[in-house]
Structures are given as C-alpha cells and as structure tokens.
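# A structural walkthrough
Each chain is listed here by its residues.
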Amino acid sequence: MADAANNVVENGAYSEPSDLHRAAFERAWARLFSAEFEDAKREIEELACSGSILSMLFVADELRRGNWLYEEDIDLAKEWYELAIAEGASRGHYGLALAHLKNKDDDAAFREMNTAAQRGYPPAIGGLGRLYLWGRGVAPNIGLARYLWKKAAALGNLHAVELLIRLGIRWRFGFAGFLDALLMAWPYAWALVNVRADEPLSDHLR
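Keep in mind it's a predicted model, so treat the numbers as computed, not measured.

What follows concerns the nonpolar core. Ranked by size, the top nonpolar core spans 29 residues in total, and within it Phe25, Leu32, Ile44, Phe58, Val59, Trp80 and Tyr81 carry the most contacts. Contributing elements (two or more residues each) for this core: α2 (22-31), α3 (37-49), α4 (53-65), α5 (74-86) and α6 (90-102). Of the residues forming this core, the biggest block, eight residues, is contributed by α4. In contact with Phe25, other than residues within four places in its own chain, are Ile44, Leu47, Ser52, Leu54, Ser55, Phe58 and Leu201.

Taking 1.5 Å of rise per residue, the 13 residues of α3 would be expected to cover 18 Å, and the 19 Å separating its terminal C-alpha atoms lies within 8% of that figure. Among the residues making up α3, those that are buried are Phe37, Ala40, Lys41, Ile44, Leu47 and Ala48. Summarising the axial view, the buried residues of α3 lie within an arc of 125°, below the 170-degree limit, and thus occupy one face. Elements in contact with the buried residues of α3: α2, α4 and α5.

This part covers the packing of α6 against helix α8 (residues 122-134). Across the interface, α6 lies against α8 with an axial gap of 10 Å and an inter-helix angle of 25°. Judged by the angle between their axes, α6 and α8 are roughly parallel. Every pair of crossing elements has a handedness; the one defined by α6 and α8 is left-handed. Mapping the contact onto sequence places Tyr94, Leu98 and Leu101 in α6 and Pro123, Ala124, Arg130, Leu131 and Trp134 in α8.

So, on to the pattern of salt bridges. As enumerated under the stated definition, the model contains 13 salt bridges in all. Between Arg64 and Asp61 there is a salt bridge, with its nearest N and O atoms 3.4 Å apart. Here Arg64 and its partner Asp61 are both found in helix α4, three residues apart, which amounts to about one turn of the helix. In this structure, a network of salt bridges that share partners links the residues Asp61, Arg64, Arg91, Asp203 and Arg206.

With that settled, the discussion passes to unusual backbone geometry. Even without glycine at this site, Lys104 takes up a positive phi of about 60°. Mapped onto the fold, Lys104 is located in the loop between α6 and α7 (106-118). Look at Trp171: it is not a glycine, yet its phi comes out positive at around 65°. Mapping Trp171 onto the fold places it in the loop between α10 (158-169) and α11 (174-198). Residue classification places Trp171 among the partly exposed positions, given a relative accessible area of 47%.

Turning our eyes to something else, we now look at α6. Every α-helix carries 3.6 residues per turn, so stepping three or four residues along brings you back to the same face. Spanning 13 residues, α6 covers 19 Å between terminal C-alpha atoms, matching the ideal 18 Å at 1.5 Å per step. By the criterion of burial, α6 is predominantly enclosed, with twelve of the 13 residues buried. Among the residues of α6, Ser90, Arg91, Gly92, His93, Tyr94, Gly95, Leu96, Ala97, Leu98, Ala99, His100 and Leu101 are the ones counted as buried. Lys104 sits one or two residues past α6 and shows a positive phi near 60°.

Attention now goes to the packing of aromatic side chains. Tallying each qualifying case throughout the model produces ten aromatic pairs. Seen from their ring centres, Phe37 and Trp68 are 5.6 Å apart, and the 45° between their planes marks the pair as tilted. With Phe37 in helix α3 and Trp68 in the loop between α4 and α5, this residue pair connects regions lying 31 residues apart in the sequence. What makes Trp68 partly exposed here is its relative accessible area of 43%.

Here the focus is the confidence of the model for the protein. Counting all residues, the mean pLDDT for the protein is 92, and 94% of those residues have values of 70 or more. Looking across the protein, the model is least confident in helix α1 (residues 3-6), with a mean pLDDT of 50, and most confident in α5, with 98.

Mapped onto the secondary structure, Leu83 falls in helix α5. Linking Leu83 and Arg206, residues 123 residues apart in sequence, is a C-alpha distance of 20 Å.

Time to look at a negative patch on the surface. Where like charges cluster on the molecular surface, the negative patch consists of Glu71, Asp73, Asp75, Glu79 and Glu82. Mapped onto the secondary structure, Glu79 falls in helix α5.

Calculation notes
- Position numbers for residues count from 1 along each chain, tracking the sequence in the order it is written.
- Given that the model is predicted, a residue must reach a pLDDT of at least 70 before its local features are reported, and side-chain atom pairs must reach 80 or more before they are shown or counted; all residues, however, enter totals for whole chains, interfaces and linings.
- To obtain the side-chain values, all non-hydrogen atoms of the structure were used and water was disregarded.
- In this description, a nonpolar core means a group of buried Ala, Val, Leu, Ile, Met, Phe, Trp, Tyr and Cys residues linked to one another through side-chain atoms lying within 4.5 Å.
- Throughout this description, buried means an accessible area under 20% of the type-specific maximum (1.4 Å probe, protein chains only), exposed means over 50%, and partly exposed covers the range between.
- Each helix is a run of H or I in the DSSP string that is no shorter than four residues. Each strand is a run of E no shorter than two, and both are numbered from the N terminus.
- Contact definition: two residues touch when any of their heavy atoms are within 4.5 Å.
- Any helix carries an expected span of 1.5 Å times its number of residues minus one.
- To obtain the arc, one takes the directions from the helix axis to the C-beta atoms.
- Between N-to-C directions, angles span 0 to 180 degrees; the directions come from axes that are lines fitted to C-alpha atoms, helices contributing only their stretch in contact.
- For classification, angles of less than 35 degrees are called roughly parallel, those exceeding 145 degrees roughly antiparallel, those between 65 and 115 degrees roughly perpendicular, and all remaining angles oblique.
- Helix crossings get a hand from a simple test, with the near helix turned counterclockwise from the far one by less than a right angle marking a left-handed crossing and a clockwise turn marking a right-handed one.
- Every case where a carboxyl oxygen of Asp or Glu lies within 4 Å of a side-chain nitrogen of Lys or Arg is listed as a salt bridge.
- When two rings of Phe, Tyr or Trp (its six-membered ring) have centres within 6.5 Å they constitute a pair, described as stacked for plane angles under 30 degrees, edge-to-face for angles over 60, and tilted for the intermediate range.
- Along the chain, pLDDT gives the predictor's confidence residue by residue, from 0 to 100.
- Two distance rules govern patches: like charges are joined within 9 Å, and nonpolar side chains (Val, Leu, Ile, Met, Phe, Trp, Tyr) within 5 Å, applied only to residues with over 30% relative accessible area and no salt bridge.
- Per-residue accessibility takes into account occlusion by the displayed protein chains alone, with areas from the Shrake-Rupley method and a 1.4 Å probe.
- Neither His nor the chain termini are counted; the positive set is Lys and Arg, and the negative set is Asp and Glu.
- Note on charges: their place is set at NZ of Lys, CZ of Arg, CG of Asp or CD of Glu.

Following this line, the structure appears as structure tokens:
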C-alpha cells in the first residue's frame, strides 16, 4: 500500500480540540431553522470571531457550499478553515481540501486531505479514498480507495460505507465486494436514519 494509506492513524486515535463554545454553537445552530434565523446566523458569526472552532468550521463549510446561508466564497472559506487549523482542528484540513477541489487545485487538495487522514479524521480517510478513485492529485488506485473506505467505515464514517455499497453493487470490487455491499445495505440505512435524527452535526455524516 502507498504511504498515504499505511500511515493513517489507527482506529480510536483520533480526537479534535475541545470547543468551549460548543453548547452556545449548538443552540444557535438549532435556531437557524426557526423564525430567529438572522439572530442565530449573527450569533454563530460572533462565536466564530470569539474563537469557537465549531462555528469557524460551520461558517467555512457554508461559504464553500454556497447554499442557503451564504453565497459561495471559496477564498473566504479558506481563511476560516485556516483559522480553525491554527486552533488544531484536523477537520479544517479536510474542509480546506474540499475547497481546493472546487478550485480544481488537485495537488493542494490531496495534500490537505492526506494531512487530515494522517491525523485519523475519519471523513478525510474516506475522502482520501475518493481522491484515489478519481485520480485527483494522485494516480488512480481503486484498490487503495477501497482499503481507505473500509478503514473509514470501521471508524463509523457513513459516507465511506455508502461508497462501498454503491461501487460494490456495481461489481467494482468483484463478487466478494458485491456480497459485502448487500450485507452492509440494511445496517447502513438504519445507522443513517438514527445518526441524522440524533446527531445531525456528526462527523459520521461527512
């Protein structure tokens, strides 16, 4: 296996820095879906400026996506990701990688995704697999992609499980991969429903 896969932190070793503003962020986030939308948005921005890592990452994600909260602004999103990285957030490297992908800067995307994966961030381990599948910033290698998805899936990352099922059902991993996909389908669907209901901000959904 390539070094990028061999050196991924083993199961259970990953952790993010604590956010002293977590409770305030979660309360503000819940209010985004109410009539208090504008106040909640302003509160999250204030929390981000006060050092809340979760708020920084949320603002960065929304700027990168450019959907209902902000218009797309990749450069500003990168600045927020960099601030979160400065606070020790591995997820900042993951988000920065996705921002680079939007700018078609594949080498930078691979570098940032690999950094987050080496730190054990499960979505980044799965994301590294996607880069190997697509051949973005690295030579295509579907075997290595599957290896990384299985590693991320073992850490609870549901997006990685989805990819194993999707490609397995299409026979991309042979007969054994097809059987694995069938066996994973129902537990995946059940886990997805429960995590979305109980932990809508969970990293397992990234």
